[in-house]
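What the coordinates show
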Amino acid sequence: MIYLDYAADTPVRKEVLERFNKVSETYFANPNANHALGKAAKACIEEATLKIAQQLKIKPEELIFTSGATEANNLAIKGVAEQYGRKGKHIITSYLEHSSVTGPLSYLQEKGFEVDFVQIMPDGRINLEHLQELLRPDTILISFAAVDSELGVIQDLRAIRNLIKDYPNCLFHVDATQAIGKISVDLELMDLMTFTAHKLYGIHGIGALVKKEKIYLTPIVHGGLSTTPFRSGTPTLALIDSMNTALEFALKEQEACYEKVLDFNQQIRKALSGYPEVYINSDEKVASPYIINISLKGIKASEMQQKLEEREIYVSTKSACVTPNTPSRPVLALSGDRKRALSTLRISLGHLTTQEEIHCFIEAFDASYKELK
Ligand code: PLP
C-alpha cells in the first residue's frame, strides 16, 4: 500500500498515541474540578499549553483549543465579524481557501457582510496589486491560507501584512493548516492563525486558533469554563497534550523532512513532465514540496485515481472536504480553464514517504496512463 494523500490526513505517530494513552490514564479528572485530581489535571494542561506556545513562539494565553481547523477557521472569521462588525462589514479572501473559510464567509454574506475575492496570479500567489485595490477603511478582516490545500502554493505573508499596515481596522487571519510542521511560519505577521493536529501526525479532534492578545472574539461555542473564555467545554487534556508531542516531532524533523520531500517532489515532476498531456498546476517556484496538483487532459481524474487504487496507491482528486465532480476552485482561478479544473489529481507527500514508494508511483502512473489513453 502506498499512501500519497498526506494533505488530507496523516497516520498518528506512535509516540503521540502513547502520550495520549498515558495522559488519559493518569489525569481522568476534569481540569476545572476544584479538588486535588482536578488541580493536577489543570497543571498538566497548563504545562502542555506552555510547551505548545513556546514551540510556536507565542504566549500561552494566545492559544484557543478547538476541535480542529474547521472550528478554528469558523471561530476566527465569525468571531471577528461579530466582534468588529461595527467598524466595517468588508472581508477579503481568495479562491484558494478551504471550505472551512469560504463556508463561514458565505454565511456572513447572508448576514450583510461584503466578501471580495482577490485575484490570483498565474503561479497561484495572491495578486498584491488587486489586494491593494480591494482594501478599504471598512475592511475588518483578510483571510488567506499560508499554504492552500489543493495547489500547495506558499503565499508571501510578509508582503500581505505590509499592505494592510495602513488599514488599522483590518485583521489578518492565516489558515496555516498545511504549513505548520512543514515550512517555517512567522506568527509575528498575523493576528490569528489556524492549525490542526491530524495534519501533523496527531490525533483527530484537536486543533487551535492562535489569537493575539489585543484581539477579542465573540465565541461561537458558548457554555461553561474552559481554558479560555473564547471557547467553552471541558478542556480535552489528553488531546491537547498529544498535540504538543505531535508538534514537537514535526518541528524537530521539519528541515530534514522538507529536504527529503523536495527531492521526491522533483523526481515526480521530472517523470510527469514527460507526458505532454499532463499539466502540473502547482508551480515549482512557489509551491510547497508536500503537494503536487496535476491535470490530465483527456482522462477523467477519478478514473486515474481508481486505476492507481487498483495498484494500492492512494491519491486524491481534490481537497477531501470539497464536493466531488465539481471543478477545483483553485485550478479554475489559476487557469480559467474549466476542463483543467475538472481533471485534477493531488499527490501529497509526508515524512513516511520512501524512495521506493516514489519509484512505484511513477511506474504505476505510467501503466495507468497507458491503460486510460
Ligand atoms: N484548512 C485547510 C487548509 C485544510 O487543508 C483543512 C483540512 O483538509 C482544514 C482547514 C480543515 O481541517 P480539520 O479537518 O482539522 O477541520
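Predicted model only: the values in this text are computed from it and were never measured.

The rules behind each value
Residues numbered from 1 in each chain as written. Predicted model: local features only at pLDDT ≥ 70, side-chain atom pairs only at ≥ 80, totals over all residues. Heavy atoms only, no water. Helix = DSSP H or I, 4+ residues; strand = E, 2+ residues; numbered from the N terminus. Buried < 20%, exposed > 50% of the residue type's maximum accessible area, 1.4 Å probe, protein only. Contact = heavy atoms within 4.5 Å. Near = heavy atom within 4 Å. Polar contact = N/O pair within 3.5 Å; in protein donor to acceptor, adjacent residues only side chain to side chain. Areas by Shrake-Rupley, 256 points an atom, 1.4 Å probe, with all protein chains shown as cover. Nonpolar A, V, L, I, M, F, W, Y, C, P; charged D, E, K, R; others polar. Salt bridge = Lys/Arg side-chain N within 4 Å of Asp/Glu carboxyl O. Axes fitted to C-alpha atoms, helices over the stretch in contact; angles between N-to-C directions. Parallel < 35°, antiparallel > 145°, perpendicular 65-115°, else oblique. Left-handed = near helix turned anticlockwise from the far one by under 90°. Expected span 1.5 Å × (residues − 1). Pairing = 2+ DSSP bridges. Phe/Tyr/Trp six-rings, centres within 6.5 Å; stacked < 30°, edge-to-face > 60°.

1. Comments concerning the environment of F195
In this fold, F195 is placed in strand β7 (residues 192–196). For F195, a relative accessible area of 0% gives the class buried. The spacing of F195 and A179 is 16 residues in sequence and 8.3 Å in space, taken between C-alpha atoms. Setting aside residues up to four positions removed in sequence, F195 forms contacts with I52, L56, L63, A69, A176, T177, I180, G207, A208, V210 and M243.

2. Thoughts on the site of the ligand
Around the ligand, a shell composed of 13 residues is seen, among which T70, D175, Q178, H198 and K199 lie nearest. Within the backbone of A69, a nitrogen or oxygen atom sits 2.9 Å from an oxygen atom of the ligand. Contacts to the ligand include D175, whose side-chain N or O atom sits 2.6 Å from a nitrogen atom. Against a free-state accessible area of 400 Å², the protein chains account for coverage of 89% of the ligand. Ranked by residue count, the leading element in the shell around the ligand is helix α3 (residues 69–84), at 3 residues. Broken down by class, the residue content of the shell around the ligand amounts to 1 nonpolar, 10 polar and 2 charged.

3. Let's talk about the pattern of salt bridges
Taken as a whole and judged by the stated rule, the model has 18 salt bridges. Measuring nitrogen to oxygen at the nearest pair gives 3.2 Å for the salt bridge that ties R161 to D191. Highlighted residues: R161 in helix α6 (residues 157–163) and D191 in the loop between β6 (171–175) and β7, separated in sequence by 30 residues. Each member of the pair, R161 together with D191, is buried. Of the charged contacts in the structure, one is a salt bridge between R311 and E371, with a shortest N-O distance of 2.6 Å. Here R311 is found in the loop between α8 (301–310) and β11 (313–314), whereas its partner E371 is found in helix α11 (residues 355–372), with 60 residues between them in sequence. One network of salt bridges, with partners in common, ties together K307, E310, R311 and E371.

4. Concerning the packing of α8 against α11
Running from N to C, α8 and α11 point in directions that differ by 125 degrees, and their axes come no closer than 9 Å. Considered as vectors, α8 and α11 are oriented oblique to each other. Pair α8 / α11 crosses with right-handed handedness. Packed against α8, whose contacting residues are E303, M304, K307 and L308, the element α11 presents F361, A364, F365, S368, Y369, E371 and L372 at the interface.

5. Quick notes on helix α2 (residues 36–56)
Here α2 contains 21 residues, and its C-alpha end-to-end distance of 30 Å stays within 8% of the 30 Å for a straight helix at 1.5 Å per residue. Taken together, the buried positions of α2 are G38, A41, C44, I45, A48, T49, I52, A53 and L56.

6. Describing the sheet that holds strand β10 (residues 291–296)
The sheet built from 3 strands is open, its strands ordered β9-β10-β12 with antiparallel pairing. A single partner strand is all that each edge strand has here, and the edge strands are β9 (278–280) and β12 (344–348). Taken pair by pair, the neighbouring strands of this sheet meet at an average axis angle of 30 degrees, ignoring direction. Pairing of β9 with β10, which is carried by 3 bridges, proceeds in the antiparallel orientation. Its bridge partner being in β10, I280 is matched across the sheet by I294. Its contacts with the sheet put helix α7 (residues 237–272) on β9, β10 and β12, and the angle it makes with β10 is roughly 10 degrees. Contacts between α8 and the sheet are confined to β10 and β12, with β12 contributing the most and set at about 40 degrees to the helix.

7. Quick notes on the packing of aromatic side chains
Tallied over the entire structure, the rule returns 7 aromatic pairs. Note on Y275 and F365: the rings are 5.3 Å apart at their centroids and 80 degrees apart in plane angle, and the pair reads as edge-to-face. In this pair, Y275 is assigned in the loop between α7 and β9 and F365 in helix α11, connecting sequence segments 90 residues apart. In this structure Y275 comes out as buried when scored by relative accessible area, which is 13%. An angle of 20 degrees between the planes, with centres 5.9 Å apart, marks the rings of F365 and Y369 as stacked. You can see F365 and its partner Y369 sitting in helix α11, 4 residues apart, about one turn around the helix. For F365, a relative accessible area of 1% corresponds to the buried category. When its relative accessible area of 9% is taken as the criterion, Y369 is described as buried. One aromatic cluster is present, built from ring pairs that chain together Y275, F361, F365 and Y369.

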